[in-house]
Amino acid sequence: MSRPATLRDVIFKRLLLLVTGGLLAVMAAVVGFIVLPLHERLTASEFTRVADLVENTLRETVELPSQILPSAAEWLAGQKAPFDDTQAAERYFKPLLSHVRNISSIVIGNEEGRGWMLLRLPDGRWRSRSTDLPGTGSEHLIVEEDVAGNRSEHWQTLDYDARSRPWYEGAVRPGTVRYWTPPYTFYTTGQPGITVSQAVSLSDGSQGAIGLDILLAELSTRTREARIGASGSTLVLTEGELVLALPRRPDHIAESDWLGTLMLPASALGQPSINDALSLWRQAGRTRFSASRFNSEGEDWIAAMTPYEVGEQRLWVLTLAPAREFEPAWSLIGLTIAATLGILIGVAAVIAQRQARTIAAPLEMLAVQGKRIGALDFSRPPPLRTRIAELAQLSTTLDEMRTLLGRNQTALATQAGQLQLQVEELQTAEHRIHALAYFDPLTQLPNRRLLMDRLAHVLEAGRRRTSHCALLLLDLDNFKVLNDTLGHDHGDELLREVARRLSQAVRSGDTVARLGGDEFVVILEDLSEDHDEARQQVGEIGRKILQVIEHSYQVHKFNADISASIGAVLFGQEAGTAETALKHADMAMYQSKALGRNCLSFFGPELAVKLSARAGLEADLRHALEAGQIHLHYQAVVDVGGRLVGAEALMRWSHPERGQVPPAEFIPVAEESGLIIALGTWAIESACDQLLAWSATYPQHALQIAINVSARQFHHADFVATVTDILGARNIPGAWIKFELTESMLLEDTETVVERMQQLRALGIGFALDDFGTGYSSLSYLKRLPLTALKIDRSFVRDVLTDPNDAAIARTIIALAHTMELRVIAEGVELQAQFDMLAAAGCDRFQGYLIGRPEPSTVFGTRLEPHPPAA
Ligand SMILES: Nc1nc2c(ncn2[C@@H]2O[C@@H]3COP(=O)(O)O[C@H]4[C@@H](O)[C@H](n5cnc6c(=O)[nH]c(N)nc65)O[C@@H]4COP(=O)(O)O[C@H]3[C@H]2O)c(=O)[nH]1
């Protein structure tokens, strides 16, 4: 790409172009409107000058005779005998003819045929002729006088009568003051001339006329000498186109021949240009024309035709010359114009240069300033001096911009610093987030997310390897009890120690992660290619882990003992997904728990069978609710006096093929699959609907129905809202229902649990802690929960009569509950003795086969009849 031109160059070039264009236009105008017309006019004036010259000569020639004529006529009129006393006439006229050279002769005549003529010959001799037609007839007396004054007379027979001469006839014509004859060849001299005459009343009473013969030979002298152009010429013609004054003689024509053309038609001159000029004149209607162009024999000519009036006669002055002799001197004009243009353009260039500098300099300065601003140089430059308002404005704007940008730059620098700090903070935060996202903050071990990631990676890599890998899932036994007993801080310390020991127990390449709570995972890689050997390796490592974990812990001066249950999954190339692996490990871990804890169980075919059975159950359960296979049974609850005070709603699944599926089987499946949310909601709705129906039918019974709520259901975010909506939709008081919660579900996220319970308590809903005594809840923890009742687990009730321990536990629970102002319900009461014993211990409510089995609502409804069967 070519570099853009500088402003200075652009202005200079444009100004120069403009001025040059202007100058050229001016020059063209000067040539077109001034030089050419001027030249035309000059040409025309040249022709006019020559015509004027000829006219002046003509005027000079005829003027004096025309002035002399009246006095000569007057003199003649005063003569007594004008024709007899020729001496007197000679005396009078000789000086006149001598002095006025172009008057060659004087003629007088009268009506009687008498006449007299005096002629001055070119050689200086005189001749007179007296005519007396009445007296001497055609005999005329001729008197000759030579230069010496010697006179001689003789008579000459001539056919001459003055009265028939044109000058006489014209003069005596009535009304004529003065008469000019047409030009003619003088009879006496043979030269062309013209006679001016006038009538005279003679003293003898006769009428006569006097004429002066004017020689026009002089005129030719003038016309032949006249110069027009280099080879132009002029001539005088009569109206009848006879040559009166000759043009310049061409060299090839002899003088005598040339003179011989006088008074001949102009064509006799043999000049085509003259002939063509006359044709032009004729075509123009024989009128005057000034310098006009015409073509003759292929050459351009210019001609002018000017009339000259001599009395009645009109003479024509023709002036002509080759046009080329009047062409403007183009080379000179061109040279002059070029020189002038050159000088003017030179001057314009200098001015344009200056103007370009004047205009561009401030802009260049501004451009430099702009560039400096662009380079973040905000130092103040020297002030810009310009008389151009816009530039001054631009400079001011630039100053303001510079100040503003300078300020912004400073602000930006500060902000950049702050931004840098923020970036660093963000990076730190990002690292922290990353650490939080992928690492467990308590133990610094990889968390669930990172574990799943690594596990997926290990499983993927395992497909390309022949060696085995294993996944070990550890769950600490009794950790919740320890945590509650020791306090959370110590619990955390315990977990950190477990993590440390675990990390030490395996190779550095193996992964140890914390899944959450008291669950840890170990991934073992590069185990033996042989399945049994690998299984053995896992067994050994598992035992080692169990040993290191079992080793007692010193926590805050206390010795704590802890064990773990481990579920192991061994996989080779056929490994499934990370989720499946973890699920299998979890199942194996529960197997270990079931086997009495502190041991390791492998996920094997028998567990896989269980798993598939469970999957089948889950699939059926998914459709059970809409298929109407789920319903509630109600188990009666009585007070110490045996009065029906409530019931527990227990879910039942009647499967068309499986038959009655026990809740202990399908409830855990529902919990794991999330189906418990829908089932649980349905149970609350169904129980409420039933309560509504019973309260309408049996208003005398104020029953409270206990509804089981699973952990997952209770922890669901919408639980409180759902319950509120169910009660609200049926306008049922919260006190009509009671939720049964298990100890384990209350251990997670205590804050939320308490808050949620309080919200439901505010609606009047009661809370019973189910299976009390089987868990490991600390009393301090229980105190925080807004419970309304404790349920003594069936296992204690069963042996309450036979096992003093269980009896003691039952009594303690009752005492404890009463201390906490909680109601106590004994479940699983099958024998009257159990009832009695518990009643004696202060138990408030009783539930069990002794009172009644869980029954369909219709059956249970009979208990509400006015005479219910005795409990
Ligand atoms: N041997 C014996 N057993 C007695 C006696 N009296 C009552 N039972 C049984 O004891 C269980 C009491 O329910 P649970 O402890 O809440 O234990 C319940 C409860 O945890 C759960 N469950 C039942 N229905 C629901 C429900 O609607 N929602 C939830 N989340 N869980 C439910 O399933 C568990 C088992 O329920 P069921 O099989 O109906 O078993 C019931 C009941 O039939 C007795 O005198 N002797």
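The paragraphs below set out a description of the structure included in this document. Just so you know, these numbers come straight off a predicted model, no measurement behind them.

Quick notes on empty space enclosed by the protein
In this approach a probe as big as a water molecule rolls over the atoms, and the regions it shows empty are the leftover space.
Next up, step 1: Inspection of every chain in the model, using the stated rule, returns 2 cavities of 30 Å³ or more.
Next up, step 2: By volume, the largest cavity is sized at about 130 Å³.
Next up, step 3: Taken together, S105, V107, M117, R129, Y160, R165, W167, Y184, F186, Y187, T188 and D213 make up the full set of residues lining the largest cavity.
Next up, step 4: Class assignment for the residues of the lining of the largest cavity results in 7 nonpolar, 2 polar and 3 charged.
Next up, step 5: When its volume is computed, the second largest cavity comes out at roughly 30 Å³.
Next up, step 6: Listed by contribution, the elements that provide at least two residues to the lining of the second largest cavity are helix 2 (86-99), strand 3 (126-132) and strand 4 (139-145).
Next up, step 7: Considering each element in turn, the lining of the second largest cavity owes the most residues, 3 residues, to strand 4.

Re the pattern of salt bridges
Next up, step 1: Within this structure, the stated rule accounts for 42 salt bridges.
Next up, step 2: Close ionic contact of R49 with E46 constitutes a salt bridge, the shortest N to O distance being 2.8 Å. A residue pair is termed a helical-turn pair when its members lie 3 or 4 positions apart in one helix, as R49 and E46 do in helix 1 (residues 7-77) at 3 residues.
Next up, step 3: R49 gets classed as partly exposed once you look at its relative accessible area, which sits at 40%.
Next up, step 4: As a salt-bridge pair, E90 and K94 come within 3.4 Å of each other at their nearest N and O atoms. Taken as a pair, E90 and K94 lie in helix 2 at a separation of 4 residues, close to a single helical turn. No difference in accessibility class separates E90 from K94, as the two residues are buried.
Next up, step 5: The network of salt bridges with common partners includes E90, K94, E145 and R151.

Considering unusual backbone geometry
Next up, step 1: Despite not being glycine, E297 shows a phi value in the positive range, around 50°.
Next up, step 2: Mapped onto the fold, E297 is located in the loop between strand 12 (289-296) and strand 13 (299-310).
Next up, step 3: We classify E297 as exposed; its relative accessible area is 68%.
Next up, step 4: Despite not being glycine, R597 has its phi angle at roughly 70°, a positive value.
Next up, step 5: By the element assignment, R597 lies in the loop between helix 13 (578-594) and strand 21 (600-602).

Topic: a negative patch on the surface
Next up, step 1: The grouping of E529, D530, D532 and E533 at the surface amounts to a negative patch.
Next up, step 2: Position of E533 among the secondary structure elements: in helix 12 (residues 531-550).

Some words on the site of the ligand
Next up, step 1: As a structural note, the neighbourhood of the ligand is formed by 20 residues, with R652, D770, R794, E830 and Y849 the closest of them.
Next up, step 2: R652 places a polar side-chain atom, nitrogen or oxygen, 2.9 Å from an oxygen atom of the ligand.
Next up, step 3: Here D770 contributes a side-chain N or O atom positioned 2.9 Å from an oxygen atom of the ligand.
Next up, step 4: Starting from 790 Å² of accessible surface for the ligand in isolation, the protein chains cover 83%.
Next up, step 5: For the shell around the ligand, the secondary-structure elements that each account for two or more residues are strand 23 (644-655), helix 15 (663-673) and strand 27 (766-772).
Next up, step 6: Residue classes in the shell around the ligand are distributed as 7 nonpolar, 5 polar and 8 charged.

Observations regarding the nonpolar core
Next up, step 1: Counting 77 residues, the largest nonpolar core has F714, F739 and L838 as the members making the most contacts within it.
Next up, step 2: Counting residues per element, this core draws most heavily on helix 16 (residues 676-697), at 8 residues.
Next up, step 3: Apart from the residues lying within four places of it in its own chain, the contact partners of L838 are V797, V800, A810, I814, A826, V829, C843 and F846.
Next up, step 4: Core analysis: the second largest hydrophobic core is formed by 40 residues, A72, A89, W126 and I214 among them.

What about the packing of helix 9 (residues 448-462) against helix 13?
Next up, step 1: One way to put it is that helix 9 packs onto helix 13 with a least axis distance of 9 Å and a crossing angle of 110°. Judged on the interaxial angle alone, helix 13 and helix 9 are roughly perpendicular. Of the residues in helix 13, those touching helix 9 at R448, L451, M452, L455, A456 and L459 are A578, E579, A581 and L582.
Next up, step 2: Of the residues contributing to the contact of helix 9 with helix 13, the split by class is 8 nonpolar, no polar and 2 charged.

Quick notes on the side chain of N483
Next up, step 1: Residue placement: N483 occurs in helix 10 (residues 479-486).
Next up, step 2: Exposure remark for N483: the relative accessible area of 14% places this residue in the buried category.
Next up, step 3: Each residue touching N483, except ones within four places of it in the same chain, is listed here: H488 and G491.

What counts, and at which threshold
Residues numbered from 1 in each chain as written. Predicted model: local features only at pLDDT ≥ 70, side-chain atom pairs only at ≥ 80, totals over all residues. Heavy atoms only, no water. 1 Å grid on protein atoms, 1.4 Å probe; cavity = no way out; pocket = protein on both sides within 12 Å on 5 of 7 lines; lining within 4 Å. Points joined across faces, edges and corners; volume = space filled by probe spheres on them. Nonpolar A, V, L, I, M, F, W, Y, C, P; charged D, E, K, R; others polar. Helix = DSSP H or I, 4+ residues; strand = E, 2+ residues; numbered from the N terminus. Salt bridge = Lys/Arg side-chain N within 4 Å of Asp/Glu carboxyl O. Buried < 20%, exposed > 50% of the residue type's maximum accessible area, 1.4 Å probe, protein only. Patch = residues over 30% accessible without salt bridge, like charges linked within 9 Å, V, L, I, M, F, W, Y side chains within 5 Å. Areas by Shrake-Rupley, 256 points an atom, 1.4 Å probe, with all protein chains shown as cover. Lys, Arg positive; Asp, Glu negative; His and termini not counted. Charge placed at Lys NZ, Arg CZ, Asp CG, Glu CD. Near = heavy atom within 4 Å. Polar contact = N/O pair within 3.5 Å; in protein donor to acceptor, adjacent residues only side chain to side chain. Core = buried A, V, L, I, M, F, W, Y, C linked by side-chain atoms within 4.5 Å. Contact = heavy atoms within 4.5 Å. Axes fitted to C-alpha atoms, helices over the stretch in contact; angles between N-to-C directions. Parallel < 35°, antiparallel > 145°, perpendicular 65-115°, else oblique.

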